[in-house]
Number of protein chains: 2
Amino acid sequence: MFRARAEDFRTAGRRSYARSAGALRAPAVRGKSMQKIRIHTKSRPGIVYCGEGAFEQGYEETLAGKELFVVTDSNVARLYADLIEKYFGSAHVCVVPAGEKNKNHKTLFSILDEMVRARCHRKTVLVAFGGGVVGDVGGFAASLYMRGTRLVQIPTTLLAQVDSSVGGKTAIDYRGYKNIVGSFYQPEQVLCDPRFLTTLPKREIRCGLGEIVKTAALDAEIFDILQGATDFGLRFLEKLVPLCVRFKAGVVERDERETAGLRQCLNLGHTTAHALELDYGRRSHGEYVLVGTAFETKIALAEGVCKREYAERILKIVSRALPKMPRFPDIGSAAENALLDKKNSGQEKISLVVPKARGEYAEISLPLPTYAEYLKKIEGGLL
Amino acid sequence: MFRARAEDFRTAGRRSYARSAGALRAPAVRGKSMQKIRIHTKSRPGIVYCGEGAFEQGYEETLAGKELFVVTDSNVARLYADLIEKYFGSAHVCVVPAGEKNKNHKTLFSILDEMVRARCHRKTVLVAFGGGVVGDVGGFAASLYMRGTRLVQIPTTLLAQVDSSVGGKTAIDYRGYKNIVGSFYQPEQVLCDPRFLTTLPKREIRCGLGEIVKTAALDAEIFDILQGATDFGLRFLEKLVPLCVRFKAGVVERDERETAGLRQCLNLGHTTAHALELDYGRRSHGEYVLVGTAFETKIALAEGVCKREYAERILKIVSRALPKMPRFPDIGSAAENALLDKKNSGQEKISLVVPKARGEYAEISLPLPTYAEYLKKIEGGLL
Ligand SMILES: NC(=O)c1ccc[n+]([C@@H]2O[C@H](COP(=O)([O-])OP(=O)(O)OC[C@H]3O[C@@H](n4cnc5c(N)ncnc54)[C@H](O)[C@@H]3O)[C@@H](O)[C@H]2O)c1
Ligand SMILES: NC(=O)c1ccc[n+]([C@@H]2O[C@H](COP(=O)([O-])OP(=O)(O)OC[C@H]3O[C@@H](n4cnc5c(N)ncnc54)[C@H](O)[C@@H]3O)[C@@H](O)[C@H]2O)c1
Ligand SMILES: [Zn+2]
Ligand SMILES: [Zn+2]
């Protein structure tokens, strides 16, 4: 029932970035540094293939011969046109427009539409091939179509590899709120191949770095590695991918649906990140996470939750990742956005997950005016 | 953060049916015949309150004092305006237009919109107060908003009480396909109070009867009761509600996500029902289920899967529920719709769950032309 639909690709300029993407067509040194990380959640066991060759090995072991429905975005479709033709030439490929602004219900329903037209069924494997946006909206579509098809994530950004592809959160933004509509839906496999990262613009590397720094503020081992590093080049960051995946997998296994009070630790820095993202919204999510981590570290320090020495180490890591802190005029009013955060369920207080000590975090809760005051002081350089 | 929003009610004609609905305002003889049926699924334990007084007792034990977001439809809001004001006066009440044609993404997103505006959060209890349409789309919204709020079903139709409110399937129709987009999401409580059924039009009683007859074709005890009955009045049917709930609960406990090969038994009669519903679509779902059960019983007989004597008993029960079998001109082309059924995942064959013997069912699979031939013969009175 599936036919090749090569005409679905947007072929404009499809070779423009082919040089670096071509790396993936070189004979893979299979399993060289490839590892499989298993995640056992209540709802479904999953495997993350991590390292060079993850794509080919994962493809062979989990996708070859299956009925596939591939979701990707316009950038990835262009950059990896040859790879898509080679591996997904006989699958239905659905190309959505790239960018966070398209992580919405229009895109979701355009995917569901194509799934209906492609006569997808429950055993169809939806392959989300792209960054966090494709993973979130593609995974969401997989969770909803016939109440759930099979799902494989192939994350192509650093952020998606270290964070969003693992853990089963899917979502769209709605009415200006990030991820307010979504589901929990574990992928069966995640194929994290570092070679996809070679085509990433610098800005997107920094974006992933945001989540890595956040993880460092939660996990002692990753903290030590980041602390010891002098520069955060791609080769260096790649090595952190499996560590971040393992850390997140451990959290998700113990608290898949964020009901046991553990998974929210992954929101460190995020309350402020989301609040700023909502008002200023021109930078990448990861940059706001870096900013949020810095702000919330300073708040933790001021509140006496975090010791000065540790706070300074975290701040140093942040400033290595984001040398120039952006400015946020009128930040006091952005503070209110934090009330809309999922974590702040129906309260008047703002909950923050903040660094406490190496490998330890704390949850603090502040009245809105106090929180707004902090943001203003920090932005003004007074804290 | 929740305020009474009495202006949300459509007050037009709100007293027109108040007489019978008023029964619910009479002091309840609590627990008289009320029973609690527990459902233990992998994802969440649930309780079905069943019998007269279920509404008040369930309200006291599970809803009083909580932040509630009530979803109901225009008919139920009108019929039960007083009850809504009394019990949900301080909650946010979202009234959606009644009818299957509104079980769509527009209604879904209008509910999500109101949830955003009402600043609902994860601990908000979404109360789906109405028939299967409200239950399916309201439950769907509950499963998606912030990836899941709390959910209580208050089914007000016979169909919703015996079937749709229990088991956690939620959905909308899309692009002409029934329930093609949805989720599995178990309610924490279901309040099945027979007094709501007193305001139901006859047609809607027959609708629930469809699922009851289907259940009788699966469960020996219910089969015996239906066989022994001379008329299917409301008082009689009410008594079947807890039996049907128990039967469904047992199935759902063992196969929540329809992956273990058991839950699909609940689709008995439904392949044909859905195929006809898609093409003719003027009658209620339950009537199509009655028709589908009759057609598939005849197919089972012709295929040698079901003995004549038992088939005739099933057909007799169907004809007592639906004395006049509707006509389906050009039924052969409707047969193709069955290919689109979720059960027939990517096959060219049609799967049917058919009666086999008292308390036993069978799954059969027919090539499309054979299935179409059967439908034509049965419609033509040749089988
Ligand atoms: N589900 C989760 O648990 C979770 C966790 C963190 C973040 N997120 C979500 O992830 C999203 C951010 O993810 P993202 O940063 O990957 O965004 P993204 O998917 O928009 O990707 C960023 C940009 O990089 C492009 N791109 C993707 N792969 C590329 C490659 N290999 N080479 C060159 N360009 C490439 C994309 O087209 C896009 O323009 C946000 O919506 C965020 O909410 C989800
Ligand atoms: N989720 C499941 O497992 C499941 C199972 C079976 C059916 N369903 C779905 O259920 C839907 C059918 O349910 P339904 O038959 O309840 O339809 P419905 O919700 O449309 O209700 C039928 C009619 O009765 C009205 N009504 C509701 N309560 C009333 C009352 N107490 N008094 C008078 N009128 C009342 C409604 O406004 C509507 O006009 C279909 O969409 C079907 O797909 C779901
Ligand atoms: Zn993040
Ligand atoms: Zn049904």
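One can find the structure itself at the top, above this paragraph.
Residues numbered from 1 in each chain as written. Chains lettered and ligands numbered in written order. Predicted model: local features only at pLDDT ≥ 70, side-chain atom pairs only at ≥ 80, totals over all residues. Heavy atoms only, no water.

**Side note on the relation of the copies chain B and chain A**
For these two chains of identical sequence, chain B goes onto chain A by a turn of 180° and a shift of 0.0 Å along the axis, with RMSD 0.0 Å. Classification of the inter-copy transformation places it as that of a two-fold axis. A share of 100% of the interface residues of chain B reappears at the interface of chain A, consistent with the copies meeting face to face through the same patch. (Least-squares fit on C-alpha atoms with pLDDT ≥ 70 in both. Contact = heavy atoms within 4.5 Å.)

**A word on the coordination of the zinc ion (ligand 3)**
Residues and elements named next belong to chain A. Taken together, Glu-211 (OE), His-270 (NE2) and His-285 (NE2) make up the full set of protein donors to the zinc ion (ligand 3), lying 1.9 to 2.1 Å away. In terms of primary sequence, the donors binding the zinc ion (ligand 3) are separated according to E-x58-H-x14-H. With His-270 in helix H11 (residues 270–279) and His-285 in helix H12 (residues 285–302), this residue pair connects regions lying 15 residues apart in the sequence. Assigned by exposure class, His-270 and His-285 land together as buried. (Donors = N, O, S within 2.8 Å, 3.2 Å for Na, K, Ca; no water. Helix = DSSP H or I, 4+ residues; strand = E, 2+ residues; numbered from the N terminus. Buried < 20%, exposed > 50% of the residue type's maximum accessible area, 1.4 Å probe, protein only.)

**Quick look at helix H9 (residues 220–228) of chain A**
Residue and element names in this part refer to chain A. Taken together, the buried positions of H9 are occupied by Ala-220, Ile-222, Phe-223 and Leu-226. Seen end-on, H9 carries its buried residues on one side only, within an arc spanning 160°. The secondary structure elements touched by the buried residues of H9 are helix H8 (202–216), helix H10 (234–254) and helix H13 (308–321). Put simply, Asp-219 is the residue that caps the front of H9, since its side-chain oxygen is 3.3 Å from the backbone nitrogen of Glu-221. (Arc of directions from axis to C-beta. Polar contact = N/O pair within 3.5 Å; in protein donor to acceptor, adjacent residues only side chain to side chain.)

**Some details on the site of ligand 1**
All names here are of chain A. Neighbouring residues of ligand 1: 27 residues in total, closest Asp-73, Glu-100, Gly-132, Thr-157 and Thr-199. Between ligand 1 and the protein, one listed contact pairs an oxygen atom with a side-chain N or O atom of Thr-157 at 2.6 Å. The backbone of Phe-196 places a nitrogen or oxygen atom 2.9 Å from a nitrogen atom of ligand 1. Alone, ligand 1 offers 860 Å² of accessible surface; in the complex the protein occludes 91% of this. For the shell around ligand 1, the secondary structure elements donating two or more residues are helix H3 (74–79), helix H6 (132–144), helix H7 (158–164), strand S8 (177–184) and H8. A class-by-class count of the residues in the shell around ligand 1 yields 10 nonpolar, eight polar and nine charged. (Near = heavy atom within 4 Å. Areas by Shrake-Rupley, 256 points an atom, 1.4 Å probe, with all protein chains shown as cover. Nonpolar A, V, L, I, M, F, W, Y, C, P; charged D, E, K, R; others polar.)

**Digging into the packing of helix H8 (residues 202–216) of chain B against helix H12 (residues 285–302) of chain B**
Residue and element names in this part refer to chain B. One way to put it is that H8 packs onto H12 with a least axis distance of 7 Å and a crossing angle of 40°. It follows from the interaxial angle that H8 and H12 lie oblique. Both H8 and H12 take part in a crossing whose hand is left-handed. Together, Arg-203, Arg-206, Cys-207, Leu-209, Gly-210, Glu-211, Val-213 and Lys-214 of H8 and His-285, Gly-286, Glu-287, Val-289, Leu-290 and Thr-293 of H12 make up the contact between the two elements. (Axes fitted to C-alpha atoms, helices over the stretch in contact; angles between N-to-C directions. Parallel < 35°, antiparallel > 145°, perpendicular 65-115°, else oblique. Left-handed = near helix turned anticlockwise from the far one by under 90°.)

**What to know about the interface of chain B and chain A**
Across the boundary between the two partners, chain B contributes 39 residues, which contact 39 residues of chain A. Summed over both sides, the interface of chain B with chain A buries roughly 3,700 Å², with 60% coming from carbon and sulfur. Of all residues in chain B, Phe109(B), Arg122(B) and Arg147(B) bury the most surface against chain A, accounting for 21% of the area lost on that side. In this assembly, chain B and chain A are joined by four salt bridges. Listed by contribution, the elements that provide at least two residues to the side of chain B that touches chain A are helix H5 (105–117), helix H6 (132–144), strand S7 (169–174) and strand S8 (177–184) of chain B. With seven residues, S8(B) is the single largest residue contributor to the side of chain B that touches chain A. Here the side of chain B that touches chain A is composed, by residue class, of 17 nonpolar, 11 polar and 11 charged. (Buried area = accessible area lost by both parts, 1.4 Å probe. Salt bridge = Lys/Arg side-chain N within 4 Å of Asp/Glu carboxyl O.)

**What to know about a positive patch on the surface**
Residues Lys42(A), Arg257(A), Lys42(B) and Arg257(B) make up a contiguous surface patch of positive charge. Structurally, the position occupied by Lys42(A) is in the loop between strand S1 (35–40) and strand S2 (45–50). (Patch = residues over 30% accessible without salt bridge, like charges linked within 9 Å, V, L, I, M, F, W, Y side chains within 5 Å. Lys, Arg positive; Asp, Glu negative; His and termini not counted. Charge placed at Lys NZ, Arg CZ, Asp CG, Glu CD.)

**Comments concerning the nonpolar core**
One finds Val48(A), Leu158(A), Leu226(A), Phe232(A), Leu237(A), Ile299(A) and Tyr371(A) to be the most contacted residues of the largest nonpolar core, which totals 76 residues. Ranked by the residues each element gives to this core, the list is headed by H10(A), at nine residues. Two domains share this core, each providing at least three of its residues, namely domain 1 (6–23 + 208–379) and domain 2 (54–192) of chain A. In contact with Leu158(A), not counting residues within four places along its chain, are Leu197(A), Leu200(A), Ile205(A), Gly208(A), Leu209(A), Ile212(A), Leu237(A) and Val241(A). By size, the runner-up hydrophobic cluster in this structure holds 74 residues, among which are Cys50(B), Val190(B), Leu276(B) and Tyr371(B). (Core = buried A, V, L, I, M, F, W, Y, C linked by side-chain atoms within 4.5 Å. Domains from an automatic or database assignment.)

**Some points on the pairing of strand S10 (residues 349–357) of chain B**
The two faces of the sheet receive side chains in turn, since in a regular strand these alternate between them. All names here are of chain B. Looking at chain direction, S10 and strand S11 (residues 360–367) are connected through eight bridges and run antiparallel. Residue Lys-349 lies in a different strand from S11, and its bridge partner there is Pro-367. With antiparallel pairing between neighbouring strands as the criterion, S10 and S11 make up a hairpin whose turn holds two residues, including Gly-359 at a positive phi of roughly 75°. (Pairing = 2+ DSSP bridges.)

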